[in-house]
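Working through the structure, step by step
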Amino acid sequence: MIKTFICAKGTSVRCPNKNLKLIQYTLDKVKSFLDITVITDSPRIVEICKQNNVDYYIEDSNKQFGELMSIHNYLIETNQYDNIKEFIQLPLPQPFTNIETIMNVAYSDLTDYDIATTYTIVPNRSIFLLNDDNTYKVDSYERKGCLCPDTKMIDGCIYKIKSSFLKETINAESFNNHFWNKSKICFVENTSDIFLDIDTPKELKQFELLKNVINI
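Okay, so let's go over this structure. (Residues numbered from 1 in each chain as written. Predicted model: local features only at pLDDT ≥ 70, side-chain atom pairs only at ≥ 80, totals over all residues. Heavy atoms only, no water.)

1. A word on the pattern of salt bridges
Put simply, the rule reads: Only one rule defines a salt bridge in this text: a Lys or Arg side-chain nitrogen within 4 Å of an Asp or Glu carboxyl oxygen. Put simply, DSSP marks the helices as runs of H or I at least four residues long and the strands as runs of E at least two long, and each gets a number from the N terminus on. We call a residue buried when its accessible area falls under 20% of the maximum for its residue type, exposed when it is over 50%, and partly exposed in between, using a 1.4 Å probe and counting protein chains only.
The final tally for this structure, using the stated rule, is 7 salt bridges. Between Lys18 and Asp199 there is a salt bridge, with the nearest N and O atoms lying 3.8 Å from each other. Residue Lys18 is located in helix α1 (residues 18-30), and its partner Asp199 is located in the loop between β7 (185-189) and α7 (201-210); the two are separated by 181 residues in the primary sequence. Across the salt bridge formed by Lys160 and Glu86, the nearest N and O atoms sit 3.2 Å from each other. Linking Lys160 in strand β6 (residues 150-162) with Glu86 in strand β4 (residues 86-89), this pair joins segments that are 74 residues apart in sequence. Taking the relative accessible area as the measure of exposure, Glu86 reaches 30% and is therefore partly exposed. If you follow the salt bridges from partner to partner, you end up with Arg14, Lys18 and Asp199 in one network.

2. A few points about empty space enclosed by the protein
Quick note on the threshold: Buriedness of a pocket was judged along seven lines, with at least five required to meet protein on both sides within 12 Å; pockets are open sets of points on a 1 Å grid over the protein atoms alone, cavities are sets where a 1.4 Å probe fits but cannot get out, and lining residues have an atom within 4 Å of a point. Grid points are joined across faces, edges and corners, and a volume is the space filled by probe spheres set on the points.
One pass over the structure, following the stated rule, counts 1 cavity of 30 Å³ or more. Roughly 50 Å³ of volume is contained in the largest cavity. For the largest cavity, the full set of lining residues is Thr26, Lys29, Leu90, Pro91, Leu92, Gln94, Pro95, Thr97 and Ile102.

3. Re a nonpolar patch on the surface
We apply this condition: In this scheme, patches are assembled from residues that exceed 30% relative accessible area and form no salt bridge. Like charges are connected within 9 Å, while nonpolar side chains (Val, Leu, Ile, Met, Phe, Trp, Tyr) are connected within 5 Å. Note that accessible areas follow from Shrake-Rupley with a 1.4 Å probe, and for residues the cover is restricted to the protein chains shown.
Residues Phe128, Leu130 and Tyr136 make up a contiguous nonpolar surface patch of roughly 260 Å² in combined accessible area. Tracing the backbone shows Phe128 in the loop between β5 (115-123) and β6.

4. Topic: the packing of α1 against α7
Our working rule: Lines fitted to C-alpha atoms define the axes, with helix axes restricted to the stretch in contact, and inter-axis angles between N-to-C directions lie between 0 and 180 degrees. When describing relative orientation, an angle under 35 degrees is termed roughly parallel and one over 145 degrees roughly antiparallel, while 65 to 115 degrees is termed roughly perpendicular and anything else oblique. Working rule for handedness: look at the near helix, and if it is turned counterclockwise from the far one by less than a right angle, call the crossing left-handed; if clockwise, right-handed. Every residue pair with non-hydrogen atoms within 4.5 Å of one another is taken to be in contact.
Running from amino to carboxyl end, α1 crosses α7 at an angle of 30°, the nearest separation of the two axes being 11 Å. Taken together, α1 and α7 sit at an angle that is classed as roughly parallel. α1 and α7 meet at a crossing whose hand is left-handed. Contacts from Lys18, Lys21, Leu22 and Tyr25 of α1 reach α7 at Leu204, Phe207 and Glu208.

5. Considerations on the layout of surface pockets
Inclusion rule: Charged means Asp, Glu, Lys or Arg here, nonpolar means Ala, Val, Leu, Ile, Met, Phe, Trp, Tyr, Cys or Pro, and polar covers whatever is left, Gly included.
Put simply, the largest pocket is a space of about 730 Å³. In terms of lining residues, the largest pocket is bounded by 27 residues, among which Lys18, Glu67, Gln89, Pro91 and Pro93 are the most central. For the lining of the largest pocket, the secondary-structure elements that each account for two or more residues are α1, α3 (67-77), β6 and α6 (175-181). A total of 4 residues in the lining of the largest pocket trace back to one element, the largest contributor, which is α6. Class assignment of the residues belonging to the lining of the largest pocket gives a composition of 12 nonpolar, 9 polar and 6 charged.

6. What to know about the nonpolar core
The cut-off we apply is this: To define a nonpolar core, start from buried Ala, Val, Leu, Ile, Met, Phe, Trp, Tyr and Cys residues and group those joined through side-chain atoms within 4.5 Å.
Core analysis: the biggest nonpolar cluster contains 35 residues, and Ile6, Ile23, Leu27, Ile36, Val38 and Phe207 have the highest contact counts within it. At the level of secondary structure, the elements contributing two or more residues to this core comprise β1 (2-7), α1, β2 (34-40), α2 (43-51), α4 (99-106), β6, β7 and α7. Element by element, the count of residues in this core is highest for α1, at 6 residues. The contacts of Ile23, once residues within four sequence positions are left out, are Ile6, Val38, Ile45, Ile48 and Leu92. Counting 19 residues, the second-largest nonpolar core is a separate cluster that includes Ile39, Leu68, Ile71 and Ile84.

Any link to function would need more than the numbers given here.
Set out below in structure tokens:
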């Protein structure tokens, strides 16, 4: 099984208790075919990991690390950089990513790449954005619906990353610039029927409504 990290902080400013509500659903989906380590600062999430016989790593709740920095810290502190050549980062906020997409990324060949990640095909709705005076940012006298062609968007539902590239990125002057602009990326289409990126209480309510009627 492929080494997979799920970073699940106990607090979320914009969406309280988000990870606590999402962790069990995600573990039920992937724990049978991925080698998971949950990185968390939450005692409640640690208990869920124990109940599911899933490995966990406790980080300092006083330090607000980003997900990739948390994984880097884990690899350093457990001396795993040489053993784990590549890994999966599976974010919690997109619980309805289907198994087909997860597997397609997990088994992507990174020989010629640094990263594999997913894109979603979505309607380009930028024409509907409003200015402060409620006029359209893009002015047009044509019917708006016909001006919404499909476009590709990186959705961040799952990443496969070379450990050597993570270390290189951590040491770069600008983390985000190096990760996105200096990397060779293998893009995989997200074939999931539902795209829900949970970042607000409203989106979390949508998850609660949908989770019992969707076949994970």
